[in-house]
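Okay, here's what each chain looks like letter by letter:
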Amino acid sequence: MSALLSVADITVRFGGVEAVSNVSFDVQDGELLGFIGPNGAGKTTMMRVITGLVTPTLGSVCLEDWDLGGLPVFRRVQRGLGLAQQIVRPFNSFSALDNVALAAGQHHTARPMRALFSFRRARERAKARELLKLVGIDHVADSMPPSLPLGYRKRLELARALALEPRLLLLDEPLAGLNQTEATALADTIADLNRRGLAMILIEHNLSEVMRICPRLLVQDNGRKIGDGPAESVMSDPLVRSAYLGTGEPG
Amino acid sequence: MGYEITLATSMCISVVFALSLNLITGFCGQISLGHAAFFGVGAYTAALSSKAGLAFPLDLLAAAAAAAVFGFVVGLSSLRVRHDFLAITTMGFGFLFLGVVRQQDWLGGEMGISAIPGSGLSKLGYLGFAAAVAVAVALFSAYLKRSWLGFSFAAIADDEDTARVVALDVARYKLLAFVLGTAIAGIAGGLYAHHVRFISPDSFGFVESIAVLSMVIVGGIGSVPGVVFAALVLTALPLWFQVIEDYKLLLYSALLFIMMQLCEDGIGGLMRRLTQGRRRTT
Amino acid sequence: MLYLELLIQGLVQGGIYTLIALGLTLVYGLLRILHVAHAALFTLGGYLGVILTNATGSLALAMVVTMLVTGMVGMGVYRVAYQPILDKPPYVALIASIALFIASEEIYRLIFGPYGLSYDAPPLQGVIDLLGSGMYLKQAELLVLLGTGAALVGLHLLSTRTRIGIAWRATVTDPEMAASFGIRTQRVRYLNFFIGSALAAAAGVMVALLNNLVEPTMGSVPSYKALAIIVLGGIGSIRGTLIASLALGVIESFGTIYLGSLLDRDAIAFAFLILVLMWRPQGLLGRA
């Protein structure tokens with residue numbers, strides 16, 4: 001049984017700068033992987049390699065044995081990669097419900113001609129309502145995103161990603177910008193989703209929440225992987241500690 | 001009576017033409033400043049093919065196909081450039097179309113093509129045909145807007161990058177918008193060719209592209225009833241009042257300017273606000 | 001010899017394009033608006049230049065007054081047409097601008113009549129033997145080349161040597177940062193429209209000299225070409241605008257001779273535009 005996601009020997013160079021150096025890791029089905037590292041560690045670049053926004057200089061990314069190399073973002077999403085972006089970008093002209101319903105209608109929208117001959121939205125709207133309930137914002141289903149506070153929009157982003165029924169969900173700093181109460185609540189939701197069997201990679205700066213919900217951590221610094229394993233043992237590794245203390249960011 | 005029938009036929013053709021641009025610009029968010037070129041491709045195709053013996057209304061299908069081919073090519077450019085750049089690129093295609101037509105003898109050059117065969121229908125019959133096409137296109141537009149295709153178009157118009165994240169194949173959707181929209185513009189052009197029976201490059205220039213865009217914007221980008229209404233009124237006004245004919249462009253432009261300053265979402269937006277306001281008060 | 005003549009004709013045309021397109025680039029750099037109505041100011045410049053020259057007999061005086069007046073009209077256009085809709089989606093300003101431009105052509109037609117005006121005694125029509133080579137250049141054409149050069153040098157000095165110029169560059173680079181440093185961005189915008197409109201007016205006067213004719217529609221073609229140019233050059237880049245203007249002038253000049261049977265002059269310009277954009281969607285010197 002091979003891994004759900006396997007990232008092999010990824011190197012990314014921008015001009016003369018190496019943003020990511022020879023990083024490899026696997027994610028197993030059902031796993032919740034915390035991906036951490038100080039600012040400028042190359043986490044975002046690594047994430048963009050997985051989503052297809054950055055083409056790696058070397059190395060490969062495979063999802064369930066499919067080589068994702070060269071595939072554009074939407075193809076990767078169609079193959080089962082879910083994305084919840086750091087800077088949330090809902091469709092501002094759609095209600096929260098329709099934002100999620102569109103994603104839930106992936107089978108209608110995979111091909112434009114098929115979309116032309118599909119009309120009913122009731123089933124997708126019902127599913128969207130369920131997902132909004134799951135992330136705890138079903139009471140604002142009919143609101144327009146610009147009128148919602150950031151915490152709600154972050155949850156909306158999560159619900160939209162879930163509506164695509166991903167095999168693996170990438171969460172890019174979902175807790176950033178939230179206060180501690182909101183962050184804890186959203187982290188609980190994430191942990192709950194994982195318990196239901198969804199595999200996730202959580203990129204996050206909020207270390208206490210990551211430590212609380214992620215059994216396994218991946219640490220990157222200066223573009224290199226410096227730790228990978230059970231959370232407790234990774235965080236007691238002197239190399240990891242110095243990387244964090246070095247940037248003045250105690251866990 | 002004859003004059004009223006001619007006017008009504010022109011109005012129906014305008015509705016078809018305006019709805020065709022509404023599909024591209026209103027539904028899918030791809031601005032076009034060269035849409036008259038596709039109307040022109042349709043008109044020239046219908047004129048030449050009916051002169052070559054292709055029977056009406058089959059030549060309208062040829063017009064749709066030819067316009068759609070050009071629409072596909074221009075649509076490809078929308079995959080490279082966006083927003084303002086796309087506006088200028090489509091404007092460029094409009095001028096390119098005119099420039100090519102003007103230099104080609106087999107297209108009649110500056111002189112255009114005259115003595116285009118009629119439809120074989122009576123004037124009233126042709127009006128009925130044009131009206132039927134206009135109604136069909138309006139119904140198709142209304143259906144499309146509410147289908148999953150319209151849903152996806154709206155998502156792309158809103159935010160292309162987010163559309164990709166929800167697995168939409170943005171490139172194919174845009175191309176389909178251009179192909180559908182320009183095919184309908186081609187039909188409108190074919191209807192026009194049989195209606196006036198004389199065409200020349202002057203009828204398909206930048207001002208015509210702006211005129212049709214103003215119908216879409218005054219109607220309210222994306223609103224099918226709004227665009228139909230604006231196309232009817234903006235076509236009828238200058239023809240009804242001969243006084244206005246002289247000031248047609250001034251009127252058009254002033255209306256457009258004021259609309260942009262006061263309510264950029266047009267008649268459709270006004271209607272929406274009115275009905276929502278009423279709902280809120282009751 | 002033919003090549004050299006075509007090249008010089010192309011550069012003269014390119015100089016006119018530069019003067020018009022500079023204002024457009026400045027406006028786009030500052031406000032992200034495709035200022036189509038810019039060409040209305042070019043036409044206004046042409047009319048004022050002819051009328052004032054005929055009234056006073058002095059081209060120099062007419063040129064100065066025309067630039068000042070048109071510059072101020074340009075500031076008015078910003079105040080009335082753009083300032084109220086700056087926070088709306090970009091197509092709103094574009095459509096408003098196109099509408100204003102079409103309206104302006106109609107207004108010129110109503111005020112000045114449809115047939116255009118000419119100089120009573122067209123100035124600068126003499127020819128100069130270029131470097132004694134047997135290459136002849138009209139004085140007016142020389143004026144275009146020198147005027148373009150002067151405008152570029154002047155803009156460069158203004159933006160590097162004066163306080164207001166430096167404030168202007170700062171505002172183009174980062175409006176919010178500039179405002180936080182106490183730069184009054186509103187003043188910078190007015191300056192921007194003043195300079196751009198004055199340059200367009202100068203171009204209008206020069207085109208009137210070259211053709212000895214101003215007419216209501218004289219702005220149409222330059223307007224669309226100038227849009228093509230700023231897009232070609234990479235929107236907001238002054239250097240890109242210069243290169244694109246001159247390149248377009250020269251390509252049209254050669255193209256009309258060698259491709260004239262296939263495409264007319266405007267179509268050549270736009271074919272070039274489309275080809276370049278498909279190759280570099282961000283323009284020649286634009287940042288991706």
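Further up the page is the structure itself.
The numbering scheme is per chain: residues are counted from 1 as the chain's sequence reads. For naming, the first written chain is A and the first written ligand is 1, with later ones following in the order written. With pLDDT at 70 or above as the cut-off, local features in this predicted model cover only qualifying residues; side-chain atom pairs require 80 or more to be listed or tallied, and sums for whole chains, interfaces and linings still use all residues. The side-chain numbers reported here are obtained from all heavy atoms of the structure, hydrogens and water having been left aside.

(A) The overall build of chain B, seen in detail. Secondary structure elements are taken from DSSP: a helix is a run of H or I of four residues or more, a strand is a run of E of two residues or more, and numbering for both begins at the N terminus. When you go through chain B residue by residue, the secondary structure sums to 13 helices and zero strands. N-terminal to C-terminal, the α/β element order of chain B is α-α-α-α-α-α-α-α-α-α-α-α-α. C-alpha atoms define the radius of gyration in this analysis, and the globule rule sets the expected value at 2.2 Å times the number of residues to the power 0.38. The C-alpha atoms of chain B give 18 Å as radius of gyration, which agrees with the globular expectation for 282 residues (19 Å, within 12%). Projecting the C-alpha coordinates of chain B onto the three principal axes gives extents of approximately 55 × 40 × 30 Å. Classification of residues uses two cut-offs on accessible area relative to the type maximum, computed with a 1.4 Å probe and protein chains only: under 20% is buried, over 50% is exposed, and between them is partly exposed. Within the span of chain B, comprising 282 residues, buried residues form 61% of the whole. The contact rule is simple, with two residues in contact once any of their heavy atoms fall within 4.5 Å. The contacts in chain B between residues at least 6 apart in sequence include a share of 79% that link residues at least 24 apart. A positive count includes Lys and Arg, and a negative count includes Asp and Glu. His and the chain ends are not counted in either. A charged residue contributes its charge at one atom only: NZ of Lys, CZ of Arg, CG of Asp or CD of Glu. Of the side-chain charges in chain B, 17 are positive and 16 negative, and the distance between the mean point of each set is 9 Å.

(B) Summary view of the pattern of salt bridges. By salt bridge we mean one thing: a side-chain nitrogen of Lys or Arg within 4 Å of a carboxyl oxygen of Asp or Glu. Applying the stated criterion to the full structure yields 28 salt bridges over all chains. In this structure, Arg167 of chain A engages Asp29 of chain A in a salt bridge whose closest nitrogen and oxygen atoms are separated by 3.5 Å. Pair noted here: Arg167 of chain A is in the loop between α7 (150-163) and β7 (168-172) and Asp29 of chain A is in the loop between β2 (17-27) and β3 (32-36), with a separation of 138 residues, a long-range link. Owing to a relative accessible area of 43%, Asp29 of chain A belongs among the partly exposed residues under this scheme. The shortest N-O distance in the salt bridge between Asp266 of chain C and Lys225 of chain C comes to 3.1 Å. With a gap of 41 residues between them, Asp266 of chain C in helix α11 (residues 265-279) and Lys225 of chain C in helix α9 (residues 220-233) connect regions that are remote in the sequence. Side by side, Asp266 of chain C and Lys225 of chain C carry an identical accessibility label, which is buried. Among the charged side chains, a salt-bridge network with shared partners connects Arg89 of chain A together with Asp159, Glu160, Asp161, Arg164 and Lys174 of chain B.

(C) How the structure looks around the packing of helix α9 (residues 206-219) of chain B against helix α12 (residues 248-262) of chain B. Residues and elements named next belong to chain B. For every element, the axis is a line fit to its C-alpha atoms; helices are fit only across the contacting stretch, and the angle between N-to-C directions ranges from 0 to 180 degrees. Interhelical geometry of α9 versus α12 gives an angle of 40° and a closest axis separation of 11 Å. One finds that α9 runs oblique with respect to α12. Of the two possible hands of crossing, α9 and α12 adopt the one that is left-handed. Between α9 and α12, the contacting residues are Val207, Ile210, Ala211, Ser214, Met215, Ile217 and Val218 on the first element and Leu249, Tyr252, Leu256, Met259 and Met260 on the second. For this scheme, ten residues count as nonpolar: Ala, Val, Leu, Ile, Met, Phe, Trp, Tyr, Cys and Pro. Four count as charged, namely Asp, Glu, Lys and Arg, and the remainder, Gly too, count as polar. Residues belonging to the contact of α9 with α12 are distributed by class as follows: eleven nonpolar, one polar and no charged. Throughout, the term roughly parallel applies to angles under 35 degrees, roughly antiparallel to angles over 145, roughly perpendicular to angles from 65 to 115, and oblique to all others. In a left-handed crossing the near helix is turned counterclockwise from the far helix by less than a right angle, and in a right-handed crossing that turn is clockwise.

(D) Broad picture of helix α2 (residues 36-51) of chain B. Residues and elements named next belong to chain B. Across its 16 residues, α2 extends 22 Å between first and last C-alpha, which sits within 8% of the 22 Å expected from 1.5 Å per residue. A large share of α2 lies buried, amounting to 14 of its 16 residues. One or two steps after α2, the chain reaches Gly53, where phi turns positive at roughly 110°. To estimate how far a helix should extend, the number of its residues minus one is multiplied by 1.5 Å.

(E) Summary view of the interface of chain C and chain B. Taken together, the 46 residues of chain C in the interface contact 36 residues of chain B. On the chain C side of the interface with chain B, the three residues burying the most area are Tyr91, Ile95 and Met278 of chain C, jointly 16% of the side's total. Linking chain C with chain B are one salt bridge. One salt bridge in this structure joins Glu264 of chain B and Lys88 of chain C, with 3.2 Å as the shortest N-O distance. Polar contact criterion, stated in full: a pair of N or O atoms within 3.5 Å, where within protein one must be able to donate a hydrogen and the other to accept it, and residues adjacent in sequence count only if both atoms are side-chain atoms. Linking chain C with chain B are eight residue pairs in polar contact (both at pLDDT 80 or more). Counting residues per element, the ones that place at least two in the side of chain C that touches chain B are α3 (59-82), α4 (90-112), α9 and α11 of chain C. Using a 1.4 Å probe, buried area is obtained as the accessible area two parts lose upon being combined, added over both of them.

(F) Quick peek at the packing of aromatic side chains. Stacked, edge-to-face and tilted labels apply to pairs of Phe, Tyr and Trp rings (six-membered ring for Trp) whose centres lie within 6.5 Å, assigned for plane angles under 30 degrees, over 60, and everything in between, in that order. Evaluation of the coordinates by the stated rule reveals 27 aromatic pairs over all chains. Pairwise contacts between aromatic rings join Phe17, Phe39, Tyr44, Phe97, Tyr192 and Phe204 of chain B into one cluster. We call a charge positioned over a ring when the NZ of a Lys or the CZ of an Arg lies within 6 Å of the ring centre and within 35 degrees of the ring normal. The residue whose ring lies beneath Arg121 of chain A is Phe151 of chain B, and the NZ or CZ to ring-centre distance is 4.0 Å.

(G) Region of the structure containing the nonpolar core. Residues Leu5, Phe25, Leu168 and Ile201 of chain A together with Ile199 of chain B are the most contacted members of the largest nonpolar core, which totals 268 residues. Sequence-distant contacts of Phe25 of chain A, defined by excluding residues within four places in its chain, comprise Leu5, Ser6, Val7, Leu33, Met46, Ile50, Ile201, Arg216, Leu218, Lys225 and Asp228 of chain A. What is meant by a nonpolar core is a set of buried Ala, Val, Leu, Ile, Met, Phe, Trp, Tyr and Cys residues, joined one to another through side-chain atoms within 4.5 Å.

(H) Highlighting the sheet that holds β7 of chain A. All names here are of chain A. The pairing criterion is simple: DSSP has to find at least two bridges between the two strands. The strand order across the open sheet formed by six strands is β6-β7-β8-β3-β9-β10, and the pairing between neighbours is mixed. The open sheet has two edge strands, β6 (81-84) and β10 (224-230), and neither has a second partner. Mean inter-strand twist for the sheet, computed between neighbouring axes without regard to direction, equals 15°. Two elements, β7 and strand β8 (residues 199-203), share five bridges in a ladder whose sense is parallel. Note on β8: the bridge partner recorded for Asp172 is Ile203.

(I) Layout of the sheet that holds strand β1 (residues 5-14) of chain A. Residue and element names in this part refer to chain A. Strands sit in the order β2-β1-β4-β5 across an open sheet of four strands; the sheet is antiparallel. The open sheet is flanked by β2 and β5 (66-67), the only strands paired with a single partner. Across two bridges, strand β4 (residues 58-63) lies against β5 in antiparallel orientation. When the sheet's bridge partners are listed, Leu63 is paired in β5 with Trp66. Lying over the sheet, helix α1 (residues 43-51) contacts β1, β2 and β4, oriented at roughly 120° with respect to β1.

(J) Highlighting the environment of Leu175 of chain A. Residue and element names in this part refer to chain A. Along the polypeptide, Leu175 turns up in the loop between β7 and α8 (180-195). Given the relative accessible area of 4%, Leu175 is considered buried. Each C-alpha atom of the pair Leu175 and Val73 lies 23 Å from the other, and the pair is 102 residues apart in sequence. In this structure, Leu175 is in contact with Ala183, Leu186, Ala187, Glu204, Asn206 and Glu209, ignoring residues within four places of it in sequence.

(K) Spotlight on the pairing of β3 of chain A. Residues and elements named next belong to chain A. Across the five residues of β3, five count as buried, placing the element largely inside the fold. With burial as the criterion, each face of β3 is covered, one bearing Leu32, Gly34 and Ile36 and the other bearing Leu33 and Phe35. Pairing analysis gives four bridges linking β3 to β8, with the strands arranged parallel. Counted as the bridge partner of Leu32 is Met200 from β8. Here four bridges tie β3 to strand β9 (residues 216-221), and the two strands are oriented parallel to one another. Across the sheet, Gly34 pairs through a bridge with Leu217, a residue of β9.

(L) Inspection of the interface of chain B and chain A at higher detail. Facing 26 residues of chain B, the contacting portion of chain A comprises 33 residues. Approximately 2,800 Å² of surface area, both sides summed, lies buried where chain B meets chain A, with 67% of it carried by carbon and sulfur atoms. Three residues stand out in chain B for area buried against chain A, namely Trp148, Phe151 and Val165 of chain B, and they jointly supply 30% of the buried area on that side. Our enumeration of links across chain B and chain A arrives at three salt bridges. A salt bridge links Asp161 of chain B to Arg89 of chain A, with the nearest nitrogen and oxygen atoms 3.2 Å apart. Taken together, the connections running from chain B to chain A amount to 14 residue pairs in polar contact (both at pLDDT 80 or more). With seven residues, helix α6 (residues 148-158) of chain B is the largest single contributor of residues to the side of chain B that touches chain A. Considering only residue class, the side of chain B that touches chain A consists of 15 nonpolar, three polar and eight charged.

(M) The arrangement of α7 of chain A in detail. With 14 residues, α7 of chain A should cover 20 Å at 1.5 Å per step; its first-to-last C-alpha distance of 20 Å lies within 8% of that length. Judged by how many residues are buried, α7 of chain A sits mostly within the fold: eleven of 14 residues are covered. Within α7 of chain A, burial applies to Gly151, Lys154, Arg155, Leu156, Glu157, Leu158, Ala159, Arg160, Ala161, Leu162 and Ala163 of chain A. Buried positions along α7 of chain A lie against β6, α3 (96-104), α6 (122-134), β7 and α8 of chain A together with α7 (160-165) of chain B. Immediately beyond the C-terminal end of α7 of chain A, within one or two residues, lies Glu165 of chain A, with a positive phi of roughly 50°.

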